[in-house]
Amino acid sequence: MTRLIRKQSVISAKLDGDLVLLSLERDMYFGSKSVGAMIWELLEVPRTVEEIVGILQASFDVDTDQCLEDVRSFLNALVSAELVEWSS
Amino acid sequence: MIAAWHYVFAGLRVESDRPLAPMSACEDVAIDRIDLRLRRRSRPWMKAVIKDGPPRHWIKRLDRDRVVLAIEDFGVICASPGLLEWAIRHEADWREFQGYLLGIGLGISLYQLDVIPFHVSGCVVGGGAIAFSGTSGAGKSSMAYALASAFGGEIVSDDMTSFQCAEKGAFMFPGISEVRLFREVVSEFREDRLRARRDERTQKKYRMIGARRALRPVEVRALVWIELERGSDFGIRRVVAGERLRRWRDSLYAADFGVHLGRPARVQTEVLALASKVPVYVMTKGLRVTSVRSDCEQLLGTIERDLASK
């Protein structure tokens, strides 16, 4: 199953609970929600979208479809910014 | 079997089929992994570019996997992930062409190999590196060279290298140790002046040959952002890491993930300081070159007192 993992080249830091990432393209990104920072933490090891959704549902009261949609959208932003990569 | 020279640059192991004097030799005897190869080539298309110039459609070649640079009067550089090929015009000066190869060429190679290139110059003094960042012409190289020269230190890198963040701290990788300085700065280092050679490419700068260089990654003691201000006197102050980022963030609508902010060099410095907990300073100076040595003494004095008080 396809998994995602952080790219080694990205430098990350916390700023008042927000996430600050320095990508290869030298842009900076703030994760405006704490969930974004949590997903980033989870991606320290390769994970599938379904695994991430499962872990988030254990912590937050959110239905599966909504969570799946939000996580996918967030991960797509990370992939297009080249902050994470697919790991087989 | 081709002749090969091995170097380290920004944490990468580099193999070249020509000696590259400004780079630091790789000390490892067993070269079991090469990250980047530099090769002189004479492919027909390279010869055609040198002879006739690049065709107009070449802009299409500027993608991540293959970047071709045609450098007028000098030659061609072609960067693919892990491979930097080059061809030089017969009459071009190798030393000047090398400046392009080890500047923009290596910069592109770092991107292609997923390494973040930092626009910094740094030196080791007192057991740790001081890394200078700032816009072009702010005085990064001058400060790094002056500090190393005045306090018996070593150059870690001029203009570009990479960092590795640890649990608490950051390490700066050795890069190019041949420092480029403005003439006014060179004139301050009278004892070193014989080592300075005019850079024909920029016409403005001089290359300081043979500076003492660091060969291994060095723990960073301080990050210094150089701020040029018209009419300003020299000043140095410690700032809270992330302070500037907070102001930027608060001034933007950051409701969704993916807010892009400009001023990449300053952003890099702030994020690196925030991630590594390395103290960060802002150094202000006027546009006119005054005494770099005296600036260095004040700067180091401030940093040393600051670190000693912790």
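This text goes with the structure placed above it.
Residues numbered from 1 in each chain as written. Chains lettered and ligands numbered in written order. Predicted model: local features only at pLDDT ≥ 70, side-chain atom pairs only at ≥ 80, totals over all residues. Heavy atoms only, no water.

K.L.:
It is not clear to me how the sheet that holds strand E4 (residues 28–31) of chain A should be interpreted in this structure. Could you clarify?
P.N.:
Strand pairing in a sheet relies on backbone hydrogen bonds, with the paired strands running either antiparallel or parallel. Residues and elements named next belong to chain A. If you trace the three strands from one edge of the open sheet to the other, you get E2-E3-E4, paired in antiparallel fashion. Where the open sheet ends on each side, the last strands, each with one partner, are strand E2 (11–15) and E4. Geometrically, the sheet is characterised by an average inter-axis angle of 20° between neighbouring strands, direction not taken into account. The strands touched by helix H1 (residues 34–42) are E2 and strand E3 (18–22); relative to E3, the strand with the most contacts, the crossing angle is about 55°. (Pairing = 2+ DSSP bridges. Helix = DSSP H or I, 4+ residues; strand = E, 2+ residues; numbered from the N terminus. Axes fitted to C-alpha atoms, helices over the stretch in contact; angles between N-to-C directions. Contact = heavy atoms within 4.5 Å.)

K.L.:
Can you walk me through the environment of Arg246(B) in this structure?
P.N.:
Tracing the chain through its elements places Arg246(B) in helix H5 (residues 243–250). Judged by relative accessible area, Arg246(B) falls into the partly exposed class, the value being 26%. Residues within four places of Arg246(B) in sequence aside, it is in contact with Leu15(A), Asp16(A) and Ala241(B). (Buried < 20%, exposed > 50% of the residue type's maximum accessible area, 1.4 Å probe, protein only.)

K.L.:
I tried to follow the packing of aromatic side chains on my own but got confused; where do I start?
P.N.:
For any pair of aromatic rings, geometry is given as the distance between the ring centres together with the angle between the planes. All names here are of chain B. Counted according to the given criterion, the structure contains five aromatic pairs over all chains. When the ring of Trp86 is compared with that of Phe97, the centres are 5.7 Å apart and the planes differ by 50°; the resulting orientation is tilted. Here Trp86 is found in strand E7 (residues 83–88), whereas its partner Phe97 is found in helix H2 (residues 94–112), with 11 residues between them in sequence. Judged by relative accessible area, which is 0%, Phe97 ranks as buried. Joined through ring pairs, the aromatic side chains of Trp86, Trp94 and Phe97 make up one cluster. (Phe/Tyr/Trp six-rings, centres within 6.5 Å; stacked < 30°, edge-to-face > 60°.)

K.L.:
Help me understand a negative patch on the surface in this model?
P.N.:
A surface patch of like charges, here negative, comprises Asp61(A), Asp63(A), Asp65(A), Glu69(A) and Asp70(A). If you trace the backbone, Glu69(A) turns up in helix H3 (residues 64–80). (Patch = residues over 30% accessible without salt bridge, like charges linked within 9 Å, V, L, I, M, F, W, Y side chains within 5 Å. Areas by Shrake-Rupley, 256 points an atom, 1.4 Å probe, with all protein chains shown as cover. Salt bridge = Lys/Arg side-chain N within 4 Å of Asp/Glu carboxyl O. Lys, Arg positive; Asp, Glu negative; His and termini not counted. Charge placed at Lys NZ, Arg CZ, Asp CG, Glu CD.)

K.L.:
Looking at this model, I keep getting lost on the pairing of strand E2 (residues 12–16) of chain B. Mind explaining?
P.N.:
Residues and elements named next belong to chain B. Within E2, five of the five residues are buried, leaving the element largely enclosed by the surrounding structure. Burial along E2 is two-sided: the residues Leu12, Val14 and Ser16 and Arg13 and Glu15 are all buried. As paired strands, strand E1 (residues 5–9) and E2 are joined by five bridges and run antiparallel to one another. In the sheet register, Tyr7 faces E2, and the bridge partner there is Val14. Hairpin connection of E1 to E2: two residues between the antiparallel strands, including Ala10 at a positive phi of 50°. Note that E2 and strand E4 (residues 36–40) share three bridges and pair parallel. Paired with Ser16 across the two strands is Leu38, which belongs to E4.

K.L.:
Which parts of the structure should I look at to understand the packing of helix H3 (residues 140–150) of chain B against helix H7 (residues 292–308) of chain B?
P.N.:
The angle between the axes and the distance between the axes are what describe a pair of packed helices. Residue and element names in this part refer to chain B. Two elements in contact, H3 and H7, have axes separated by 9 Å at closest approach and are oriented at 80°. When the axis of H3 is compared with that of H7, the two are roughly perpendicular. Taken together, the residues of H7 that come into contact with H3 (itself represented by Ser142, Met143, Ala146, Leu147, Ser149 and Ala150) are Val292, Arg293, Asp295, Cys296, Leu299 and Leu300. Taken together, the residues that form the contact of H3 with H7 break down as eight nonpolar, two polar and two charged. (Parallel < 35°, antiparallel > 145°, perpendicular 65-115°, else oblique. Nonpolar A, V, L, I, M, F, W, Y, C, P; charged D, E, K, R; others polar.)

K.L.:
Got a minute to help me understand the packing of H1(A) against helix H2 (residues 49–59) of chain A in this structure?
P.N.:
Residue and element names in this part refer to chain A. Taken N-terminus to C-terminus, the directions of H1 and H2 make an angle of 130°; their axes are 11 Å apart at the nearest point. With respect to their mutual orientation, H1 and H2 come out oblique. For the crossing formed where H1 meets H2, the hand is right-handed. Taking contact as the criterion, the partners of Val35, Met38, Ile39 and Leu42 in H1 are, on H2, Ile52, Ile55, Leu56 and Ser59. Of the residues assigned to the contact of H1 with H2, the class counts are seven nonpolar, one polar and no charged. (Left-handed = near helix turned anticlockwise from the far one by under 90°.)

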